[in-house]
Amino acid sequence: MKKKEMICIVCPIGCHLEVIEDATSESGYIVKGHKCDKGRVYGIKEMINPTRLITSTVIIKGGNLPRLPVRTDKEIPKNKIFDCMKIINEIEVEAPIKMGDILVENILETGSNIVASRSL
Ligand code: SF4
């Protein structure tokens, strides 16, 4: 029986979850320790397909700051974070950039774009 303990990161309360494999449940897992349903959904997703939003910065030339904050506009699979960061670390853009501008479209075929988090 597969079982994993984790902290729910959906809100600052940080419930201590226990996710246990259970063939009788629809998702294949039962979750214990969650104070709300978001924690149950998070726990199951962590077992089936863990994903994360990425936030970082890239070099910007001609702006009034040396680096531009960026993020993914959707969560990407956790196992692609390292490769995604390699691409982000190589990005250089020229000012002006507007918040929401797409810097990399459909990064690593994830369906997520790297977008500017602010205007510079
Ligand atoms: S289970 Fe609900 S209350 Fe607990 S940390 Fe997750 S989102 Fe917050």
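These numbers come from a predicted model, not from an experiment. (Residues numbered from 1 in each chain as written. Predicted model: local features only at pLDDT ≥ 70, side-chain atom pairs only at ≥ 80, totals over all residues.)

**Some words on the overall build of the protein chain**
Okay, step 1: Within the protein chain, the secondary structure is distributed over 2 helices and 10 strands.
Okay, step 2: Shown N-terminal to C-terminal, the secondary structure of the protein chain runs as helices and strands in the order β-β-β-α-β-β-β-β-α-β-β-β.
Okay, step 3: Compactness check: the protein chain gives a C-alpha radius of gyration of 18 Å against a globular reference of 14 Å for 120 residues, more than 25% above the reference.
Okay, step 4: Dimensions of the protein chain, computed from the C-alpha atoms along their principal axes, are close to 55 × 30 × 20 Å.
Okay, step 5: Contacts in the protein chain between residues at least 24 apart in sequence constitute 44% of all its contacts with a sequence separation of at least 6. (Helix = DSSP H or I, 4+ residues; strand = E, 2+ residues; numbered from the N terminus. Rg over C-alpha atoms; globule rule 2.2 N^0.38 Å. Contact = placed C-beta atoms within 7 Å.)

**Brief notes about the domain arrangement of the protein chain**
Quoted interface sizes are often the accessible area lost when the parts come together.
Okay, step 1: If you check the domain split of the protein chain, you get domain 1 (3-48) and domain 2 (55-116).
Okay, step 2: Inter-centroid distance (C-alpha atoms) of domain 1 to domain 2 is 30 Å. (Domains from an automatic or database assignment.)

**Some details on the site of the ligand**
Okay, step 1: Close contacts around the ligand come from Cys8, Val10, Cys11, Ile13, Gly14, Cys15, His34, Lys35, Cys36, Lys38 and Gly39, and that covers them all.
Okay, step 2: Of the residues that constitute the shell around the ligand, the class distribution is 6 nonpolar, 3 polar and 2 charged. (Near = placed C-beta within 6 Å. Nonpolar A, V, L, I, M, F, W, Y, C, P; charged D, E, K, R; others polar.)

**Here we look at the environment of leucine 17**
Okay, step 1: Assignment of secondary structure puts leucine 17 in strand β2 (residues 16-21).
Okay, step 2: Separated by 33 residues in sequence, leucine 17 and proline 50 place their C-alpha atoms 15 Å apart.

**Things to note about the pairing of strand β1 (residues 3-7)**
Okay, step 1: Burial of β1 is sparse: only 0 of the 5 residues sit out of reach of the surface.
Okay, step 2: Relative to β2, β1 runs antiparallel, the two sharing 5 bridges. Paired with lysine 3 across the strands is isoleucine 20, a residue of β2. (Buried ≥ 20, exposed ≤ 12 C-beta atoms within 10 Å, placed from the backbone. Pairing = 2+ DSSP bridges.)

**As for the sheet that holds strand β9 (residues 102-104)**
Paired through their backbone hydrogen bonds, the strands of a sheet run either parallel or antiparallel.
Okay, step 1: Read from one edge to the other, the open sheet built from 5 strands follows the order β8-β5-β6-β10-β9, with strand pairing classed as mixed. Because the sheet does not close on itself, it has two edges, and the strands there are β8 (92-94) and β9. Going across the sheet, the axis of each strand differs from the next one's by a mean of 45°, ignoring polarity.
Okay, step 2: In this structure, strand β6 (residues 67-72) lies alongside strand β10 (residues 114-116), joined through 3 bridges in antiparallel fashion. Bridging from a neighbouring strand, valine 70 pairs with alanine 116 of β10. (Axes fitted to C-alpha atoms, helices over the stretch in contact; angles between N-to-C directions.)

**A word on the sheet that holds β2**
Okay, step 1: Read across the sheet, 3 strands follow the order β1-β2-β3 without closing on themselves; strand pairing throughout is antiparallel. Looking at which strands have only one partner, the edges of the open sheet turn out to be β1 and β3 (29-32). Each adjacent strand pair in this sheet contributes to an overall mean axis angle of 20°, direction not counted.

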